[in-house]
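Descriptive analysis of the structure
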Amino acid sequence: MPDVDLDNAIYEVPVKPGISYQALVESLKSLSEGMNFVSPASFPLGEHMQKRGQDPQGIKDVRTFCNLSMGTEIILDHPEFLVFAPCRVAIYEKPDAAGKRQLYLGLDRPTHDLKNIRHPTARAQASAQQLEDALIDLMDKASRGDF
């Protein structure tokens, strides 16, 4: 699992070679349900780009995840944090070091988003960290094709 860069809003993990986009989506779905997350939306951006005559250069998809038992404290203490909700995990392809398309998962880190709130409470900070840790765990397992 890659280290978290505390100065970067994005946490990125490569998907194990041989795991297809569809298998990755199924893994995310199965694992997230087992972790009490719901996925209220999916945005197949690559498909929309293609419909407009643009080449998305591989998979471009955004999935949302929500677990209110983990995120409630943030929203109660700082309702303006809703602009970052629900949490987003992107699925995308980009060239690896050899120029071959590689599948990745990327997360908009809740703890980094919380830096945009003035004087976040300790409770909100702990909640954001718990949520981020759970999402990174989800991504790590899904990147290996776990169910």
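Relevant structure appears above.
Residues numbered from 1 in each chain as written. Predicted model: local features only at pLDDT ≥ 70, side-chain atom pairs only at ≥ 80, totals over all residues. Heavy atoms only, no water.

**What to know about the environment of Asp 77**
- Mapping Asp 77 onto the fold places it in helix H3 (residues 68-77).
- What makes Asp 77 partly exposed here is its relative accessible area of 25%.
- When the C-alpha atoms of Asp 77 and Thr 121 are compared, they prove to be 7.0 Å apart, with 44 residues separating the residues in sequence.
- Those residues within four positions of Asp 77 in sequence are excluded, and the remaining contacts are Thr 121, Arg 123 and Ala 124.
- In this structure the side chain of Asp 77 is engaged in a polar contact, spanning 2.5 Å, whose partner is the side chain of Arg 123. (Helix = DSSP H or I, 4+ residues; strand = E, 2+ residues; numbered from the N terminus. Buried < 20%, exposed > 50% of the residue type's maximum accessible area, 1.4 Å probe, protein only. Contact = heavy atoms within 4.5 Å. Polar contact = N/O pair within 3.5 Å; in protein donor to acceptor, adjacent residues only side chain to side chain.)

**Structural notes on the packing of H3 against helix H5 (residues 122-143)**
- At a minimum axis distance of 8 Å, the contact between H3 and H5 shows a crossing angle of 145°. Two packed elements cross with a definite hand, and for H3 against H5 that hand is left-handed. Along its contact with H3, which presents Met 70, Gly 71, Glu 73, Ile 74, Leu 76 and Asp 77, the element H5 presents Arg 123, Ala 124, Ser 127, Ala 128, Gln 130, Leu 131 and Ala 134.
- Grouping the amino acids of the contact of H3 with H5 by side-chain chemistry returns 7 nonpolar, 3 polar and 3 charged. (Axes fitted to C-alpha atoms, helices over the stretch in contact; angles between N-to-C directions. Left-handed = near helix turned anticlockwise from the far one by under 90°. Nonpolar A, V, L, I, M, F, W, Y, C, P; charged D, E, K, R; others polar.)

**Overview of the packing of aromatic side chains**
- Enumeration over the complete set of coordinates arrives at 3 aromatic pairs.
- Between Phe 37 and Phe 65 the ring centres are 6.5 Å apart and the planes differ by 85°, which places this aromatic pair in the edge-to-face class. Highlighted residues: Phe 37 in the loop between helix H1 (21-34) and strand S2 (42-43) and Phe 65 in strand S3 (residues 60-65), separated in sequence by 28 residues. Accessibility assignment for this pair places Phe 37 and Phe 65 in one class, buried.
- With centroids separated by 6.0 Å and ring planes inclined at 15°, the aromatic side chains of Tyr 92 and Tyr 104 adopt a geometry described as stacked. Separated by 12 residues along the polypeptide, Tyr 92 in strand S4 (residues 87-95) and Tyr 104 in strand S5 (residues 101-108) bring together distant segments of the chain. (Phe/Tyr/Trp six-rings, centres within 6.5 Å; stacked < 30°, edge-to-face > 60°.)

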